[in-house]
Amino acid sequence: MKNCIFCAELKPEEGQLIWRGDDCRIITVNDADLPGFCRVLWNHHASEMTDLTYSEREHLMNLVFVVEDAIRQVMKPTKMNLASLGNMVPHIHWHVIPRFTEDVFFPGSVWSPRIRETPISMLADRQKAAEELPNVIRSRISKLY
């Protein structure tokens, strides 16, 4: 697919590559409203989970669960959101998003309208905590394989 955003190199303003394997990679998403937001992406063009073999699905979901668990430990969110939408991009990818009652969208989805402003000091604390995520995620993956 020409001009695929997930095949293109990740730009620093979009996020940070945390880990990359042969089939999957994990990135942080630069979203000022949602520190700790990560994506787990399948590296190859595949639109649906059922396009993958059973072992590929298991591998992908193991990574999603590692990221979720790391975010829960580091960020201490009120709730976790896992979403696989991919309506516009033929790459299976999972959004792994820590949610807090004070975030700008809560209790709606992160794609709903903002309903409040999160205090800047709270966002700064969450951003500082999110800096630990890459090391925690990599450490947990190293124990998987």
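Residues numbered from 1 in each chain as written. Predicted model: local features only at pLDDT ≥ 70, side-chain atom pairs only at ≥ 80, totals over all residues. Heavy atoms only, no water.

Novice: Got a sec to walk through the packing of aromatic side chains? Specific residues and values, please.
Specialist: One pass over the structure, following the stated rule, counts 0 aromatic pairs. Here the guanidinium or amino end of Arg 57 rests over the ring plane of Tyr 54, the centre of that ring lying 4.6 Å away. Over the ring of Phe 100 we find Arg 126, and its NZ or CZ is 3.7 Å from the ring centre. (Phe/Tyr/Trp six-rings, centres within 6.5 Å; stacked < 30°, edge-to-face > 60°. Lys NZ or Arg CZ within 6 Å of the ring centre and 35° of its normal.)

Novice: Help me get a handle on the sheet that holds strand S3 (residues 38-42), residues and values and all.
Specialist: Taken in spatial order, the 5 strands line up as S1-S2-S3-S5-S4 in an open sheet, and their pairing is antiparallel. Looking at strand neighbours, the two that pair on one side only are strand S1 (15-20) and strand S4 (79-83), the edges of this open sheet. Put simply, the sheet's adjacent strands are angled 20 degrees from each other on average, direction ignored. The sheet contact formed by S1 and strand S2 (residues 24-29) spans 5 bridges and is antiparallel. Considered in S2, the bridge of Gly 15 is made with Val 29. In this fold helix H3 (residues 133-144) packs onto S1, S2 and S3, with an angle of close to 15 degrees to the strand it touches most, S1. (Pairing = 2+ DSSP bridges. Helix = DSSP H or I, 4+ residues; strand = E, 2+ residues; numbered from the N terminus. Axes fitted to C-alpha atoms, helices over the stretch in contact; angles between N-to-C directions. Contact = heavy atoms within 4.5 Å.)

Novice: Describe in detail the environment of Glu 14, supporting the description with residues and values.
Specialist: With respect to the helices and strands, Glu 14 occurs in the segment before S1. Residue Glu 14 is classed as partly exposed on the basis of its relative accessible area, which comes to 35%. Residues Glu 14 and Val 29, 15 residues apart in the sequence, show an inter-C-alpha distance of 6.1 Å. The residues touching Glu 14, leaving out its near neighbours within four places in the chain, are Glu 9, Thr 28, Val 29 and Asn 30. (Buried < 20%, exposed > 50% of the residue type's maximum accessible area, 1.4 Å probe, protein only.)

Novice: Just give me the short version of the pairing of S2, but keep the residues and values in it.
Specialist: The buried fraction of S2 amounts to 6 of the 6 residues, a majority that puts the element mostly inside the structure. Burial of the side chains of S2 extends over both faces: Cys 24, Ile 26 and Thr 28 are buried on one face and Arg 25, Ile 27 and Val 29 on the other. What sits between the antiparallel neighbours S1 and S2 is a turn of 3 residues.

Novice: How would you sum up the nonpolar core? Please name residues and give values.
Specialist: Counting 30 residues, the largest nonpolar core has Ile 26, Val 40, Leu 133 and Ile 137 as the members making the most contacts within it. For this core, the elements supplying multiple residues, two or more each, are S1, S2, S3, helix H1 (54-75), strand S5 (93-99), helix H2 (120-130) and H3. With 10 residues, the top contributor of residues to this core is H1. In contact with Val 40, not counting residues within four places along its chain, are Arg 25, Ile 26, Leu 60, Leu 63, Val 64, Val 67, Ile 92, His 93, Trp 94 and Val 96. Phe 37, Ile 97, Val 104 and Phe 105 belong to the second-largest nonpolar core, a separate cluster that totals 7 residues. (Core = buried A, V, L, I, M, F, W, Y, C linked by side-chain atoms within 4.5 Å.)

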